[in-house]
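What follows is each chain in one-letter form.
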Amino acid sequence: MSTADRALHFAVFMAGFLLVLGTLVSAISTFVLPRSDRSFLTRLVFRSLRRVFNFFLHFSNTYEQSDRIMAYYAPLGLMLLLPTWYLLICIGYMAIYWAISFGGWVGSFELSGSSLFTLGFYQPHGLLVSGLAFSEGMLGLIMVALLISYLPTMYSAFSRREQAVNMLEVRAGIPPSAVEMLLRFHRIHGLDKLGDYWRAWETWFAEIEESHTTLATLVFFRSPDRNMSWITAAGAVLDAASLTVSLVDIPHDATADLCIRAGYLALRRIANHFDRPNPQEPRFPDDPISIHRSEFDAVVAQLEAAGLPLKPDREQAWRDFAGWRVNYDRSLVEICGLVMAPFAVWSSDRGMVHPSRGVAHRAGQQVYD
């Protein structure tokens, strides 16, 4: 074998080895690593699949049709990861077998496929080739085991998330509304009971921050009710807490402050994970919010008409509310667009645009351009 041939075989061997190693790292970062880590391969699969789904969304004329289509996006993307990894491992080992002069490309492919899927129809010969075939078969079994163990963990986190989202329907309606939440607490529970609710949602925000960055696919799993979403529920709770702290004239409860902080930290980190535009230390009025003063005044009038005790200085109340809202405003709106959230006031209605047809939510209704 000439020097040029040896160099070629070495280059092919290294390319195959790095392909297998990169695939293994992708699987570990997606399924095993207990921290937020962005796998290039996983992101490539989901971004490519999103383009396919965006094409099919061209044929939807209502949000209900779009929701039915997008309901399959996350599960299908998750299931496509395994065959993608298998294909890359097969190609990587095929290159390795060819580089060690096992045989031609056809023979190397047959051995790689036989070993990866543990079919055994192609027998390896020699200690080196047999060892490589055994390692490939082991990797194939590991990939299946990782996916099997990943699914219960993910669906357990999904179930915990949706339990709180479904319970919010009782307190904030469908779609969830911060104003409706305050009105119902005023009528039924009493505003002094809000502290327990802020504590529960502070815990919920901490949980989704961990689960929706380490198990990032969860971000795209849609709620069983098409009119509900984890992100619009989060927006309603954060707005309710911000209105309570800034506008409602009741004794100050620090649990509301902690709930807001837990919420905006969670949404910022999720937005950062998906490279969404997200200022880290926003300040109002230098950083504007998507809520107009007239919308805030309309809420004030609605709460006042319902008999809620409100602070007399409305100008200060507006500045305080905007000062809280600016911390999560951009993250909330960006994530709503990312997941194509259903309509909800002050979250997905902030100019969210349909990725294929320019579907926007304006003035409380869906508009299809």
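In case you missed it, the structure is sitting above this.
Caption draft 1: A look at the side chain of Arg50. Along the polypeptide, Arg50 turns up in helix H2 (residues 40-57). Of the side chains bearing the opposite charge, Glu334 lies closest to the buried Arg50, which forms no salt bridge; the N-O distance is 11 Å. Residues in contact with Arg50, not counting those within four places in the same chain, are Met70, Tyr73, Phe220, Gly337, Leu338 and Met340.

Caption draft 2: Structural view of the nonpolar core. Formed by 105 residues in total, the largest nonpolar core has its most connected members in Trp201, Phe205 and Trp230. By residue number, the principal contributor to this core is helix H6 (residues 127-172), which donates 15 residues. Setting aside anything within four residues of it in sequence, one finds Trp201 in contact with Ala164, Leu168, Ala233, Val237 and Cys259.

Caption draft 3: Quick peek at the pattern of salt bridges. The full count for this structure, using the stated rule, is 19 salt bridges. In this structure, Arg47 engages Asp275 in a salt bridge whose closest nitrogen and oxygen atoms are separated by 3.9 Å. Here Arg47, found in helix H2, pairs with Asp275, found in the loop between helix H10 (254-273) and helix H11 (293-305); they are 228 residues apart in sequence, far enough to count as distant. When the shortest N-O distance is used, the salt bridge between Arg293 and Glu315 registers 2.9 Å. Taken as a pair, Arg293 in helix H11 and Glu315 in helix H12 (residues 314-325) lie far apart in primary sequence, 22 residues in all. Of the residues examined, Glu315 reaches a relative accessible area of 38% and is grouped as partly exposed. Several salt bridges share partner residues, and in doing so they unite Arg293, Asp297, Glu315 and Arg319 into one network.

What counts, and at which threshold
- Residues numbered from 1 in each chain as written.
- Predicted model: local features only at pLDDT ≥ 70, side-chain atom pairs only at ≥ 80, totals over all residues.
- Heavy atoms only, no water.
- Helix = DSSP H or I, 4+ residues; strand = E, 2+ residues; numbered from the N terminus.
- Buried < 20%, exposed > 50% of the residue type's maximum accessible area, 1.4 Å probe, protein only.
- Lys, Arg positive; Asp, Glu negative; His and termini not counted.
- Salt bridge = Lys/Arg side-chain N within 4 Å of Asp/Glu carboxyl O.
- Contact = heavy atoms within 4.5 Å.
- Core = buried A, V, L, I, M, F, W, Y, C linked by side-chain atoms within 4.5 Å.

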